[in-house]
Amino acid sequence: MSASLSRPRVGVWLIGARGSVATTVVTGCAAVTAGLHPPTGMVTETPAFTGSGLPALSDLVFGGHDTVDCSLPKRAETLTAGGVLPPGVAAAVAAELAAADREIRPGGPTPGDTRSEAELITAFADDIRDFVHRNELERAVVVNVASTEPASQGPGAPLPASTLYALAALRAGCPYVNFTPSEGMHHPVAAREAERSGLPHAGRDGKTGQTLLRAVLGPMFAQRALTVRAWSGANLLGGGDGAALADPAAAAAKNAGKERVLADTLGTVPEGEVHIDDVPALGDWKTAWDHIAFDGFLGTRMILQTIWQGCDSALAAPLVLDLARLTARAHEAGLTGPLGELGFYFKDPVGEGPAGLADQYAALGRLAQRLGGGAAAADLGRGTGAAADGAGGDSGGAGGEAGGPGGETGGLGGETGGAGSGAGAVGVGTGGAGSGAGAVGVGTGGAGSGAGAVGVGTGSAGSGAGATGLDTGGAGTETGGAGLEPGDAGSEPGGAAVDAVAVARVETTERQVQGEASRGERP
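Quick summary incoming for the structure in this document.

### Considerations on the pairing of strand β1 (residues 10-15)
For step 1, the next point in the chain: With 6 of 6 residues buried, β1 lies mostly within the body of the structure.
For step 2, the next point in the chain: Of the two faces of β1, the one holding Val10, Val12 and Leu14 and the one holding Gly11, Trp13 and Ile15 are both buried throughout.
For step 3, the next point in the chain: Examined bridge by bridge, β1 and strand β4 (residues 139-144) share 6 bridges and lie parallel to one another. Within β4, the position partnered with Ile15 by the bridge is Asn144.
For step 4, the next point in the chain: Pairing of β1 with strand β2 (residues 60-66) involves 6 bridges; the strand directions are parallel. Residue pairing for β2: Ile15 is matched across the bridge by His65.
For step 5, the next point in the chain: Since β1 and β2 lie parallel, the crossover through helix α1 (residues 20-33) that links them has a hand, and here it is right-handed.

Put into structure tokens, the structure is as follows:
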């Protein structure tokens, strides 16, 4: 079957396409698609993204630019010998590696390259356009996974290669993701072009290890009112990253993102710095150590130390696949400019957004809803109960449609005992869902969607300001409306019973959340 008759395919154009990360991305995508390995580490493969309209892994086509000529199959052999790729996987997906390798074009500028910056940008953009045209792709996303560049030398200096590639992506009409600390779209020249183009873009510097922990621990110290006096760290790593970061200017660019996480989560930058050492013997593996000095009650001095040992390429690859799929879907959905909701993946994220990992995860969930047009599940890590597209879940059957996901701000409660996310949202009971400012969901599959909405009972749904659904599968869909009749699909025996204690609790909660909504709190 020709590409034009099959599902639309999406290109992933990798800058640094023959490096360790890119090779692991291509190998991993093929292995997961073939069912050889589960999609461990891929957030986009969790239930929360089922209805988001993301391109399937099997519909991704890889190509890219690189300045080295080692083939992807050969690179995969090296990574297998180093323990990065499992034995046998590279051989099993050799055809996919060879196909991607045929789509890699020479990058630049290389030593002795006499082409001007404009000529390089034009050549790179032509390569991307040709890739899209020949493979009959619906769109392509350009992702920078090349080695870290030294920090920019300021006005008048030549444009860094990462910025040349970013400008080429824009000229080719492609969204862009910078997974590295390199300047890329952050350069003023590229930033202006990005604003004019309206193309979605994300970055920078993937959050894979030490900074991932910092994004968790920083908010913990702040929320527990513990004063951090000093935060020092060390990175030991080999491979291409170790060699690149041996350059003090490149290391400075890398450490800027690590410091930003502490500044944003703690409100200040404590004493201390991160030292990065190149240890070639470690290959693609890295060890990150943090030493945190903090004060407890009555000034008692305490220490927390963490050690993170991991494989950089295996940590980065699933995130790159997530970002390619999310950015492609954002482009398809008409989103423009910096994608701040993707801050979950980055040390130094573009756009506006929270700094703590939990808050960034919630923002990512809201993006999942937006990309699904309001039909995607909002419960990151959902358990039993609520269905993805309706309020009723399995127990409520057809009676649960009206409660819906409730727009961008809600969260669906997924475990027994439920959960609500968003301003004032409450979820109570197995699969209970509260979505939006002051929304309340109580009971198996119960859902409240909208300011002050309440859903009570198996599969009941309340949709709209003050709407209430009080019986099995019942639906209230108008302002102040009530659904009091059993739904067509019915429920298990006893599902329609609502005890007096539950009603009293809901009435109290409804008054509270309506008060919050009346104060104008944002969902």
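### Quick look at the packing of helix α2 (residues 72-81) against helix α4 (residues 94-102)
For step 1, the next point in the chain: The contact between α2 and α4 brings their axes to 8 Å, and the two run at 130°. For the element pair α2 / α4, the angle class is oblique. Contact with α2, carried on its side by Leu72, Pro73 and Ala76, involves Leu97, Ala98, Ala100 and Asp101 of α4 and no other residues of that element.
For step 2, the next point in the chain: Within the contact of α2 with α4, the residues separate by chemical class into 6 nonpolar, no polar and 1 charged.

### Topic: the pairing of strand β9 (residues 285-295)
For step 1, the next point in the chain: Burial analysis of β9 places 8 of its 11 residues in the buried class, which makes it a mostly covered element.
For step 2, the next point in the chain: Pairing of strand β7 (residues 227-237) with β9, which is carried by 10 bridges, proceeds in the antiparallel orientation. Of the residues in β9, the one forming a bridge with Val228 is Phe294.
For step 3, the next point in the chain: The pairing of β9 with strand β10 (residues 301-311) spans 11 bridges and is classified as antiparallel. Note that in β10 the partner of Ala293 across the bridge is Ile303.

### Things to note about the sheet that holds β9
For step 1, the next point in the chain: Across the sheet, which stays open at both edges, the 4 strands sit in the order β8-β7-β9-β10 with mixed pairing between neighbours. If you trace the sheet from one side to the other, it starts and ends with β8 (274-278) and β10, each paired once. Averaged over all pairs of adjacent strands, the angle between their axes in this sheet comes to 10°, without regard to strand direction.
For step 2, the next point in the chain: Its contacts with the sheet place helix α8 (residues 210-223) against β7, β8, β9 and β10, and it is angled at close to 170° to β7.

### Regarding the packing of aromatic side chains
For step 1, the next point in the chain: Summed over all chains, the structure comprises 7 aromatic pairs.
For step 2, the next point in the chain: Here Phe124 and Tyr165 contribute two aromatic rings whose centre-to-centre distance is 4.5 Å and whose plane-to-plane angle is 25°, an arrangement assigned as stacked. A residue pair is termed long-range when its members are at least 10 positions apart, and Phe124 in helix α5 (residues 117-134) and Tyr165 in helix α6 (residues 161-171) qualify at 41 residues. As far as the burial class goes, Phe124 and Tyr165 line up, both buried.
For step 3, the next point in the chain: Their ring planes at 65° and their centres at 6.4 Å tell us that Phe179 and Phe346 sit as a pair that is edge-to-face. Here Phe179, found in the loop between β5 (176-178) and α7 (188-197), pairs with Phe346, found in the loop between α11 (312-332) and α12 (357-371); they are 167 residues apart in sequence, far enough to count as distant.
For step 4, the next point in the chain: By relative accessible area, which is 1% here, Phe346 ends up buried.
For step 5, the next point in the chain: The rings of Phe221, Trp231 and Phe294 are connected pair by pair, giving a single aromatic cluster.

### Let's talk about the pattern of salt bridges
For step 1, the next point in the chain: Taken as a whole and judged by the stated rule, the model has 19 salt bridges.
For step 2, the next point in the chain: Across the pair Glu45 and Arg325 runs a salt bridge whose closest N-O atoms are separated by 2.8 Å. Taken together, the residues Glu45 in the loop between α1 and β2 and Arg325 in helix α11 connect sequence positions 280 residues apart.
For step 3, the next point in the chain: Its relative accessible area of 36% is what places Glu45 among the partly exposed residues.
For step 4, the next point in the chain: Close ionic contact of Arg196 with Glu193 constitutes a salt bridge, the shortest N to O distance being 2.3 Å.

### Description of the sheet that holds β2
For step 1, the next point in the chain: The strand order across the open sheet built from 6 strands is β3-β2-β1-β4-β5-β6, with neighbouring strands paired in parallel fashion. Bordering the open sheet on either side are β3 (104-106) and β6 (201-203), each of which pairs with just one other strand. Taking the axes of each pair of neighbouring strands and ignoring which way they run, one obtains an average angle of 15° across the sheet.
For step 2, the next point in the chain: Bridging between β2 and β3 involves 3 bridges; their strand directions are parallel. Within the sheet, the bridge partner assigned to His65 lies in β3 and is Arg105.
For step 3, the next point in the chain: Here α1 sits on the sheet and contacts β1 and β2; the angle it forms with β2, its principal contact strand, is near 165°.

### Some thoughts on α1
For step 1, the next point in the chain: Taking 1.5 Å per residue, 14 residues should reach 20 Å; α1 reaches 20 Å between its end C-alpha atoms and fits that length.
For step 2, the next point in the chain: Most of α1 is tucked away, with 12 of its 14 residues classed as buried.
For step 3, the next point in the chain: All of the buried residues along α1 are Ser20, Val21, Ala22, Thr23, Thr24, Val25, Val26, Thr27, Cys29, Ala30, Ala31 and Val32.
For step 4, the next point in the chain: Buried residues belonging to α1 abut β1, β2, α2, α3 (89-92), α4 and α11.

### So, the nonpolar core
For step 1, the next point in the chain: Judged by nonpolar contacts, the single largest core of 59 residues is most densely connected at Leu14, Phe62, Leu342, Tyr345 and Leu364.
For step 2, the next point in the chain: Element by element, the count of residues in this core is highest for α11, at 10 residues.
For step 3, the next point in the chain: If sequence neighbours within four positions are ignored, Tyr345 has contacts with Val43, Thr44, Asp205, Gly206, Lys207, Leu319, Asp322, Leu323, Leu326 and Leu364.
For step 4, the next point in the chain: Grouped together as the second largest cluster of nonpolar side chains are 28 residues, Val61, Ile121, Ile128 and Ala140 included.

### Overview of unusual backbone geometry
For step 1, the next point in the chain: Of note, the bond from Gly108 into Pro109 is cis; its omega dihedral lies within 30 degrees of zero at -5°.
For step 2, the next point in the chain: Tracing the backbone shows Pro109 in the loop between β3 and α5.
For step 3, the next point in the chain: The linkage connecting Gly203 with the following residue, Arg204, adopts the cis geometry, with an omega of -5°.
For step 4, the next point in the chain: In this fold, Arg204 is placed in the loop between β6 and α8.
For step 5, the next point in the chain: Unusually for a residue other than glycine, Glu136 sits at a positive phi of about 50°.
For step 6, the next point in the chain: As for its placement among the helices and strands, Glu136 is situated in the loop between α5 and β4.
For step 7, the next point in the chain: When its relative accessible area of 46% is taken as the criterion, Glu136 is described as partly exposed.

Cut-offs and rules
- Position numbers for residues start from 1 in each chain and track the written sequence from start to end.
- Totals for whole chains, interfaces and linings use all residues, but because this is a predicted model, local features are given only for residues with pLDDT of at least 70 and pairs of side-chain atoms are given and counted only at 80 or more.
- To obtain the side-chain values, all non-hydrogen atoms of the structure were included, while hydrogens and water were left out.
- Each residue is assigned to one of three classes by its accessible area relative to the maximum for its type, calculated with a 1.4 Å probe on protein chains only: buried under 20%, partly exposed between the two thresholds, exposed over 50%.
- A run of H or I in DSSP counts as a helix once it spans at least four residues, and a run of E counts as a strand once it spans at least two, with each numbered from the N terminus.
- Note on pairing: DSSP must find at least two bridges between two strands before they are called paired.
- Handedness is read with the strands pointing away from the viewer; a crossover is right-handed when the path from the first strand over the helix to the second is clockwise.
- Axis lines are fitted through C-alpha atoms, for helices just across the contact stretch, and the angle between N-to-C directions can take any value from 0 to 180 degrees.
- We call two directions roughly parallel when the angle between them is under 35 degrees, roughly antiparallel when it is over 145, roughly perpendicular when it lies between 65 and 115, and oblique otherwise.
- We call two residues in contact when some of their heavy atoms are within 4.5 Å.
- Polarity classes work like this: nonpolar for Ala, Val, Leu, Ile, Met, Phe, Trp, Tyr, Cys and Pro, charged for Asp, Glu, Lys and Arg, and polar for all others, with Gly in that last group.
- Here the aromatic set is Phe, Tyr and Trp, taking the six-membered ring for Trp, and pairing holds for ring centres within 6.5 Å; pairs whose planes are under 30 degrees apart are stacked, those over 60 apart are edge-to-face, and all others are tilted.
- Basic side-chain nitrogens of Lys or Arg form a salt bridge, by our definition, when they fall within 4 Å of a carboxyl oxygen of Asp or Glu.
- A helix is expected to span 1.5 Å for every residue after the first.
- As used here, the term nonpolar core means buried Ala, Val, Leu, Ile, Met, Phe, Trp, Tyr and Cys residues forming a set that is joined through side-chain atoms within 4.5 Å.

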